[in-house]
Amino acid sequence: MSWRVLPPLLWLSALAACNAPSRQPAASAKDSVAPAPVSTAAQAPAVLLIGTSLTAGLGLDPAVAWPALLQHRVDSAGYHFRVINAGVSGETSGDALHRIDWLTSQGIPSVVVVETGANDALRGQSPDSVRANLDAILTRLEALQPRPVLVVAAMEALPNMGRDYAARFRAVFPAAARAHHAVYLPFLLTGVAGIDSLNQADGIHPNVAGSRIVAANVWRTLRPILDSLSHTTPAR
């Protein structure tokens, strides 16, 4: 699935929307992370979602963003895990690296899903830089005790960046997952990217219907992990 090419004015407005919050000081970025599970007890093991505006749910009521919908799936399947949405709009992979220690100081999660790189691609940052930051993030997460299950969510560059850039960017995520023994989650926006009816007016961020599909994409990867961590498979 490739993203559609945005008209110049729409592209600039989308870029501005994604980038605007990224210049906040570190304290503001931390304050914007609201670890608020939908319904699971606060002491339940955590599934931490580190991400950009695609995870934060930019433009949506938090209750219908895909992390909240994922929590409903977790609850409905009978698992006792809390989903923590630690998405920050405008965040680059370098920004994510800078706050990883703060995030994990709040408690060691059982699972960490890392969704990063989209804003790097919007700014034309080198895929090698994204890989280095992602490697550093995963290395720090690997060092936690007990070690959480790590999930690397793949992202794609917009076609405006050219085929060579897109191919190099695409290769970052499966390679990082292999190197760090992480679970690989195929393109987060599969079935959503490039489809007008599933995205907001900027053509980048999923709308409510698109968020349902993203939640399903993540659930396909997450459910076997929760099965393993729970040691039993809950009743379907």
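Before reading further, recall that the structure is shown in the block above.
What comes next concerns the included structure.

Basis of the calculations
Residues numbered from 1 in each chain as written. Predicted model: local features only at pLDDT ≥ 70, side-chain atom pairs only at ≥ 80, totals over all residues. Heavy atoms only, no water. Helix = DSSP H or I, 4+ residues; strand = E, 2+ residues; numbered from the N terminus. Buried < 20%, exposed > 50% of the residue type's maximum accessible area, 1.4 Å probe, protein only. Areas by Shrake-Rupley, 256 points an atom, 1.4 Å probe, with all protein chains shown as cover. Contact = heavy atoms within 4.5 Å. Pairing = 2+ DSSP bridges. Axes fitted to C-alpha atoms, helices over the stretch in contact; angles between N-to-C directions. Core = buried A, V, L, I, M, F, W, Y, C linked by side-chain atoms within 4.5 Å. Bend = angle between axes of the 7 residues up to and from the residue. Polar contact = N/O pair within 3.5 Å; in protein donor to acceptor, adjacent residues only side chain to side chain. Phe/Tyr/Trp six-rings, centres within 6.5 Å; stacked < 30°, edge-to-face > 60°.

## Some thoughts on the overall build of the protein
The helix and strand tally for the protein stands at nine helices and five strands. The N-to-C order of helical and strand elements in the protein reads α-α-β-α-α-β-α-β-α-α-β-α-β-α. Classification of the 236 residues of the protein by burial places 52% in the buried group. As displayed, the protein offers around 10300 Å² of accessible surface, 58% of which is attributable to carbon and sulfur atoms.

## Observations concerning the side chain of Glu91
Take Glu91: it is sitting in the loop between β2 (82–87) and α5 (93–105). In this structure Glu91 comes out as buried when scored by relative accessible area, which is 4%. Not counting chain neighbours up to four residues away, the residues in contact with Glu91 comprise Ile50, Gly51, Thr52, Ala96, Arg99 and Asn119.

## Regarding the sheet that holds strand β1 (residues 46–51)
Strand order across the open sheet formed by five strands is β2-β1-β3-β4-β5, with parallel pairing between neighbours. Each having just a single partner strand, β2 and β5 (183–185) make up the two edges of the open sheet. Taking each pair of neighbouring strands and ignoring which way they run, the sheet shows an average axis angle of 20°. Taken together, the three bridges between strand β4 (residues 149–153) and β5 define a ladder with parallel strand orientation. Within the sheet, the bridge partner assigned to Ala153 lies in β5 and is Leu185. Lying over the sheet, helix α9 (residues 208–230) contacts β1, β3 (111–114), β4 and β5, oriented at roughly 155° with respect to β5.

## Brief notes about the nonpolar core
If you look at the biggest cluster of nonpolar residues, it comprises 62 residues, and the most contacted ones within it are Leu141, Leu188 and Leu226. Setting aside residues up to four positions removed in sequence, Leu141 forms contacts with Ile100, Thr104, Val112, Val114, Arg147, Pro148 and Leu150.

## Details of α9
Along α9, the sharpest kink reaches roughly 35°, centred on Arg220 and followed within four residues by the proline Pro224. Regarding α9, its N-cap is Asn207, as a side-chain oxygen of that residue lies 3.1 Å from the backbone nitrogen of Ala209 further along. His231, located one to two residues past α9, shows a positive phi value of around 70°.

## A word on the packing of aromatic side chains
Following the criterion strictly, the structure yields three aromatic pairs and no others. Ring plane angle 70° and centroid distance 6.0 Å describe the contact between Tyr79 and Trp219, whose orientation is recorded as edge-to-face. Here the residue Tyr79 occupies a position in the loop between α4 (66–76) and β2, and Trp219 occupies one in helix α9, the gap between them amounting to 140 residues. Judged by relative accessible area, Tyr79 falls into the buried class, the value being 3%. Under the relative-accessibility criterion, Trp219 is labelled buried at 8%. Judged by centre distance (6.1 Å) and plane angle (10°), the ring pair of Tyr165 and Phe169 falls under stacked. Of this pair, Tyr165 and Phe169 both sit in helix α8 (residues 163–179), four residues apart, which is roughly one turn of the helix. For Tyr165, a relative accessible area of 10% puts it in the buried group. Taken together, the ring pairs connect Tyr165, Phe169 and Phe173 into an aromatic cluster.

Shape descriptors only; they carry no functional weight alone.
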